[in-house]
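Chain residues, written in single-letter form:
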Amino acid sequence: MKIFWFSLLDIIRQVVYAFFSAYDMLWYCLGLEILWILLFMIIRPFDSISDYILQGGSSLIVIISNSIALAFEYGKIESLSFASSVCIVVAACIPAIVSLYVYFGVDFVYFSI
């Protein structure tokens, strides 16, 4: 039952995030993601460790992208090099890959008949 309410809260968070993003409220987007990480670390709605890695990694990628957007907005960064862009794309894939390894290494349970 806990996961049902948490999933509903996740949908509401995504709608609010989309609203903030549509109106270029980057600080609110960043704050919402940080609040989300704190919330799922406190409530602990998932049963498997790999879910936490996937959820936390996804939020971390969003936080990094919002931080880069804020740096552009305040003029701290003029442009992003190709190597930096590739590193960001690779970093975005890492949480899913790590979560997959953790799932099969720790969370997977094999039932034999």
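See the structure above.
What you see is a predicted model; the values in this text were computed from it and never measured.

Trainee: I'd like to hear about the packing of aromatic side chains, residue by residue, with values.
Mentor: This model, assessed by the stated rule, comprises twelve aromatic pairs. Residues F46 and Y52 carry aromatic rings whose centres are separated by 5.2 Å and whose planes lie at 75° to one another, so their mutual orientation is edge-to-face. The class for Y52 is buried, based on a relative accessible area of 17%. These aromatic residues form a ring-pair network of at least three members: F6, W36, F40, F46 and Y52. Above the ring of W36, the side-chain terminus of R13 is found at 4.5 Å from the ring centroid. Positioned above the aromatic ring of Y52 is the side chain of R44, whose terminal nitrogen or guanidinium carbon lies 5.6 Å from the ring centre.

Trainee: Which residues make up the packing of helix α2 (residues 26-43) against helix α3 (residues 49-73), and what values do they have?
Mentor: Look at α2 against α3: their axes get within 9 Å of each other, and the N-to-C directions meet at 160°. When the interaxial angle is binned, α2 and α3 end up roughly antiparallel. Every pair of crossing elements has a handedness; the one defined by α2 and α3 is left-handed. Counting all contacts with α2, which are made through L26, W27, C29, L30, E33, I34, W36, I37 and F40, the residues of α3 involved are Y52, Q55, G56, S59, L60, V62, I63, N66, S67, A69, L70 and E73. Of the residues assigned to the contact of α2 with α3, the class counts are 14 nonpolar, five polar and two charged.

Trainee: Describe in detail the packing of α3 against helix α4 (residues 82-107), supporting the description with residues and values.
Mentor: Across the interface, α3 lies against α4 with an axial gap of 8 Å and an inter-helix angle of 170°. With respect to their mutual orientation, α3 and α4 come out roughly antiparallel. Note on element contacts: α4 touches α3 through I88, A91, A92, P95, A96, V98, S99, V102, Y103, V106 and D107, opposite I49, S50, I53, L54, G57, S58, I61 and I68. Grouping the constituent residues of the contact of α3 with α4 by class yields 14 nonpolar, four polar and one charged.

Trainee: With reference to specific residues and values, describe the environment of S65.
Mentor: Within the element layout of this structure, S65 appears in helix α3. Separated by 27 residues in sequence, S65 and A92 have C-alpha atoms that sit 9.8 Å apart.

About the criteria used
Residues numbered from 1 in each chain as written. Predicted model: local features only at pLDDT ≥ 70, side-chain atom pairs only at ≥ 80, totals over all residues. Heavy atoms only, no water. Phe/Tyr/Trp six-rings, centres within 6.5 Å; stacked < 30°, edge-to-face > 60°. Buried < 20%, exposed > 50% of the residue type's maximum accessible area, 1.4 Å probe, protein only. Lys NZ or Arg CZ within 6 Å of the ring centre and 35° of its normal. Axes fitted to C-alpha atoms, helices over the stretch in contact; angles between N-to-C directions. Helix = DSSP H or I, 4+ residues; strand = E, 2+ residues; numbered from the N terminus. Parallel < 35°, antiparallel > 145°, perpendicular 65-115°, else oblique. Left-handed = near helix turned anticlockwise from the far one by under 90°. Contact = heavy atoms within 4.5 Å. Nonpolar A, V, L, I, M, F, W, Y, C, P; charged D, E, K, R; others polar.

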